[in-house]
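# Architecture and fold: a report
In case you want the letters, here they are:
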Amino acid sequence: MEVSFTVNGKPTQVEIDPAETLLSTLRDRLRLTGTKEGCSEGECGACTVLVDGRPVDSCIYATGAAAGRAVETVEGMARDELGRALQEAFVAAGGVQCGFCTPGFVTTLVSVLRENEHPSEDELRTALAGNICRCTGYSQILDAVAATVAGRAAR
Amino acid sequence: MEMELRTVDSLDAALDVLADRGADCQVLAGGTDVMIQLARGEIAPAVLLHVENVPELQGVSANGATRIGSLVTHRALAKGLLGPRYRALAEAAGTVGGLQTQSVGTLGGNVCNASPAADTLPALLVHDAQVALRGRAGSRTVPLEEFVVGRRATTRRPDELLTEIVLATPPECTGDVYLKVGRRSAMEVAIVGLAMRLTFDGDDVTDARIALAAVGPRPLRSPAAEAALIGSRLEPRAIETAVDAVLRDISPIDDLRGSADYRRRVVPGLLERAAGICAQRAGRTPEHEE
């Protein structure tokens, strides 16, 4: 079957299997390999992308369900002002070690910070409960968010 | 045989497909359970009926009873869509997976999936939830207790779609809560989930509801425990009697997340804490800490 949606703003049509996951479509058909496959069961958040601005685990999201919607991946975050600021803050704060979880964290955080410019640390920790990082211990990631929030406030 | 994905944009269209091929259909909303079951080979439907765009299943109406569209997401509930009288449901929805699951996972999906550990079910049970079902042959409304009948088993007929979850309006001086035991508060299947709703007249409990998840094949209420609290002032003896009643009603098993023995051991603490929080939220005993 054929599905049409936008990916990072670009109108996209793609031929898919009916039960295909958005993760598989993005990586294997559209060659957008920034989105990572971790657990494949909606537990780890490595594959997080935004669908109409909402963070979803693309490993358990049907591509067919994205028809007519706007999909944003980490590749798009590089062209998004907030996304770019977050990525730079991750690097500066040491929030990236092996880097496998980073695309999922960045996309999740973009959705969180678009909705709430000044989340409390508690709100942030809750919002990130679906993203697992096995390197940083999360502190550097929270530091990166704090720096991003402060940077936006300073502008 | 190749699976087929059918996306429908209206309730009529959904009911037509179900009338025609209901037995071959798996309804797909946010997909957070269905897509995993597909990947594991646990289900192999001929048709995936994608209902996420059906407008009639969205939103909440509070004209008398509170009617929650089956597509309302956990995220919307967790953010307090229903207001302070249904805090148990907001708390339960806020512990279903992480933000990614809550963003697209739906209340109707959690009900129809009928997991023994479903977080929202105890919270719905303490609010006398009923589910509204529609099919080409007609509509019916059934108590949630009679709808979820076993592990992953409901009385939904193949041609029916769950359209709404209907909650009774709680009386004045009522407090409710959902508490979950898990290794983490979110992103964790409950080891035990407990919802409670208490109504007071002065210090006296006049109505009590207690429901638990992950302690048997399906979430259940404990009428004997409720009876033990009604007429009490939550004195230790009443709590103990209620705990004993719950422990008689449940049938926990050993699994990856916890042993049956552990599940029994956490019940007393959970029940006592829940009672204190309900009392506080009902405006009683402000000395209790949440």
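### Considerations on the domain arrangement of chain A
Residue and element names in this part refer to chain A. Per the domain assignment, the segments of chain A are domain 1 (2–76) and domain 2 (79–154). The partner domain 2 presents 14 residues to the 16 residues of domain 1 that form the contact. Elements supplying a minimum of two residues to the side of domain 1 that touches domain 2: β3 (48–51), β4 (54–57) and α2 (74–77). Per-element tally for the side of domain 1 that touches domain 2: the top contributor is β3, with three residues.

### Quick word on the nonpolar core
A general trend in soluble globular proteins is that nonpolar side chains are found buried together. Residues and elements named next belong to chain B. Formed by 133 residues in total, the largest nonpolar core has its most connected members in L89, V192, A195, M196, L198 and A274. Looking at this core, the element that brings in the most residues is helix α11 (residues 260–281), giving eight residues. Sequence-distant contacts of M196, that is, excluding residues within four places in its chain, are made with V126, D176, V177, R209, I210, A274, A275 and C278.

### Description of the sheet that holds strand β1 (residues 4–7) of chain B
Residue and element names in this part refer to chain B. What the three strands build is an open sheet, ordered β1-β3-β2; its pairing is parallel. At either margin of the open sheet sits one strand with a lone partner, and together these are β1 and β2 (25–28). Neighbour-to-neighbour, the strand axes of this sheet turn through a mean angle of 25 degrees, independent of strand direction. As judged from the four bridges shared by β1 and strand β3 (residues 47–50), these two strands associate in the parallel manner. Bridge assignment links E4 to a residue of β3, and that residue is V47.

### With respect to the environment of A:G137
The topology assignment puts A:G137 in the loop between α5 (121–127) and α6 (139–154). In sequence terms A:G137 and A:P18 are 119 residues apart; their C-alpha atoms lie 38 Å from each other.

### Examining the confidence of the model for chain B
Averaged over every residue, the pLDDT of chain B is 94; residues scoring 70 or more account for 96%. For this predicted complex, the interface confidence comes out at an ipTM of 0.95, alongside a pTM of 0.95.

### Quick word on helix α1 (residues 11–21) of chain B
Residues and elements named next belong to chain B. Those residues of α1 that sit buried are A14, L15, V17 and L18. The buried residues of α1 occupy an angular sector of 160 degrees when projected down its axis, which confines them to one face. Buried residues along α1 sit against β1, β2, β3, β6 (130–135) and β10 (161–167).

### Considerations on the interface of chain B and chain A
In this complex, chain B contributes 24 residues to the contact, which on the side of chain A involves 25 residues. Among the elements of the structure, β1, α2 (34–39), β3 and α5 (99–104) of chain B are those that each provide at least two residues to the side of chain B that touches chain A. Split by residue class, the side of chain B that touches chain A holds twelve nonpolar, nine polar and three charged.

### Some points on the packing of helix α3 (residues 81–93) of chain A against α6(A)
Residues and elements named next belong to chain A. Relative orientation of the contacting elements α3 and α6 amounts to 130 degrees, with a least axis distance of 8 Å. Considered as vectors, α3 and α6 are oriented oblique to each other. Crossing angle aside, the handedness with which α3 passes α6 is right-handed. Here A85, L86, A89, F90, A92 and A93 of α3 come into contact with α6, specifically with Q140, D143, A144, A147, T148 and G151. By residue class, the composition of the contact of α3 with α6 is eight nonpolar, three polar and one charged.

### Observations regarding the sheet that holds β10(B)
All names here are of chain B. As summarised here, the arrangement of the five strands in space is β4-β5-β10-β6-β7, forming an open sheet in which the pairing is antiparallel. Looking along the sheet, the strands with just one partner apiece sit at the ends: β4 (60–63) and β7 (138–143). Within the sheet, the average angular offset between the axes of one strand and its neighbour, ignoring direction, is 20 degrees. The pairing of β6 with β7 spans six bridges and is classified as antiparallel. In the sheet register, G135 faces β7, and the bridge partner there is G138.

What counts, and where the lines are drawn
Residues numbered from 1 in each chain as written. Chains lettered and ligands numbered in written order. Predicted model: local features only at pLDDT ≥ 70, side-chain atom pairs only at ≥ 80, totals over all residues. Domains from an automatic or database assignment. Contact = placed C-beta atoms within 7 Å. Helix = DSSP H or I, 4+ residues; strand = E, 2+ residues; numbered from the N terminus. Core = buried A, V, L, I, M, F, W, Y, C linked by C-beta atoms within 7 Å. Buried ≥ 20, exposed ≤ 12 C-beta atoms within 10 Å, placed from the backbone. Pairing = 2+ DSSP bridges. Axes fitted to C-alpha atoms, helices over the stretch in contact; angles between N-to-C directions. pLDDT = per-residue confidence, 0-100. Arc of directions from axis to C-beta. Nonpolar A, V, L, I, M, F, W, Y, C, P; charged D, E, K, R; others polar. Parallel < 35°, antiparallel > 145°, perpendicular 65-115°, else oblique. Left-handed = near helix turned anticlockwise from the far one by under 90°.

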